[in-house]
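Examination of the molecular architecture
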Amino acid sequence: MSESCLLRSPRVEMDLGRLAANVRAVSSLCSKYGIGVAAVTKCVCAHPAVVRVMAESGPRWLADSRVENLLAVRSAGFGLPLLLLRAPSRSTVRAAVEVADISLESEVETVQAIGREARYCGVEHGVVLMIDVGDLREGVWPDKAAETARAMDSVEGVRVMGIGTNHACYGGVVPSVENMQVLMDTAAEVEQAIGRPLEIISGGNSSALSMLEQGLMPSGVNQLRVGESILVGRYVTDRSPIPGLHQDAFTLVGEVIELRRKPSVPIGQRAQDAFGNEPEFGDRGWMTRAILDMGRQDVMVEGIEPVDQCVHVLGASSDHLILDVTKCKGLRVGDEVRFSLSYGALLSAMTSPYVAKVVSGRYCRG
């Protein structure tokens, strides 16, 4: 906890030095295995300070799922190839071609639309064909990959540059020797279908780092799309800390706006809360409760953890975060309370227009 200051709250404080160290560490690990990092900026809404740190700390690509974010990245002129992670809708195909060098695709019809816009713009657009190896998000089934790649590569203005896959996003399926071998076997079939070697074999996201550390990643994978592990320094599969990485490059700060002794159980007949839930309360007697100036419209409350161990999160409404601070000494109205953030909580806080984003710490280039 800290005394209040002139900085607006709630806010996310971004330590760029720690973030840069994370990017360099992940890039160095991947490079040992001949793998380039596509640093993913979507969680931070392509915040310019964060993107600059990422761009200067070792990745080969910058990647985002939103065309709007890539437009901001392109305008900043970092010089790295830009990768669009989500296939564009028909209404955003022109913009996607204008701002992205490469996109992840799975539908021939979308690639045909991309080809038309690429020809109009006088450019060639790179495509990475996504293969679904079991997580059941985007991608063609492996036995459809060769014919799909051949159809995509025949589109004028488009070049099939590679194939990729995704793990641990929708179905929670983790990378394994078995499903990665499916990807490599599919790569060989696609190369035969289009008549040339693939430039990119994208082996997944942050969830693949533990497999890489164990030396189990098959030879030939040359790209990983990494966001979560860089930003919060944790393994995706169990959210445990990654040794050598910082888990506190981003910190959420809120201000105490009420501090009162109250019962631990609501009094009176109860119905649903503001979000349609019927919460249960354990009777812990009277406690000192603090209200902070943020709620569910600001952050995914389930993903925050108080830095000070005497603070416990009780719950939240849209605009109020309720804490048990009975064991805290000297806390006053106007003081600030700090929280670590999960990936989901960071995503929500960076997306919320009500949460200020502030650079803290020293960032030394190189």
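Quick look at the structure, then. (Residues numbered from 1 in each chain as written. Predicted model: local features only at pLDDT ≥ 70, side-chain atom pairs only at ≥ 80, totals over all residues. Heavy atoms only, no water.)

1. Points about the pattern of salt bridges
Side chains that differ in sign of charge can pair as their charged atoms come close. This structure, assessed with the given rule, holds 15 salt bridges. D101 is the partner of R74 in a salt bridge, and the nearest nitrogen-oxygen pair spans 3.1 Å. Of this pair, R74 sits in helix α3 (residues 67–76) while D101 sits in the loop between α4 (93–99) and β5 (102–105); the two residues are 27 residues apart in sequence, bridging distant segments of the chain. Given a relative accessible area of 30%, D101 falls into the partly exposed group. Ionic pairing is found between K262 and E258, a salt bridge with its closest N-O pair at 3.0 Å. Since its relative accessible area comes to 27%, E258 is described here as partly exposed. (Salt bridge = Lys/Arg side-chain N within 4 Å of Asp/Glu carboxyl O. Helix = DSSP H or I, 4+ residues; strand = E, 2+ residues; numbered from the N terminus. Buried < 20%, exposed > 50% of the residue type's maximum accessible area, 1.4 Å probe, protein only.)

2. Looking at helix α10 (residues 343–351)
Residues Y343, A345, L346, A349 and M350 constitute the buried set of α10. Down the axis, α10 shows its buried residues gathered within 160 degrees of arc, on one side only. Looking at the buried side of α10, the elements it contacts are β1 (11–15), α9 (228–232), β10 (250–263), β12 (304–306), β15 (336–341) and β16 (356–360). (Arc of directions from axis to C-beta. Contact = heavy atoms within 4.5 Å.)

3. Thoughts on the packing of helix α6 (residues 145–153) against helix α7 (residues 177–194)
Contact pair α6 / α7: the axes reach a minimum separation of 8 Å and the direction vectors enclose 40 degrees. One element, α6, and the other, α7, form an angle in the oblique class. Crossing hand, α6 versus α7: right-handed. Between α6 and α7, the residues in contact are A145, A146, A149, R150 and D153 and T186, E189, V190, A193 and I194, respectively. Grouping the constituent residues of the contact of α6 with α7 by class yields 6 nonpolar, 1 polar and 3 charged. (Axes fitted to C-alpha atoms, helices over the stretch in contact; angles between N-to-C directions. Parallel < 35°, antiparallel > 145°, perpendicular 65-115°, else oblique. Left-handed = near helix turned anticlockwise from the far one by under 90°. Nonpolar A, V, L, I, M, F, W, Y, C, P; charged D, E, K, R; others polar.)

Note that all results are geometric; they support no functional claim without further evidence.
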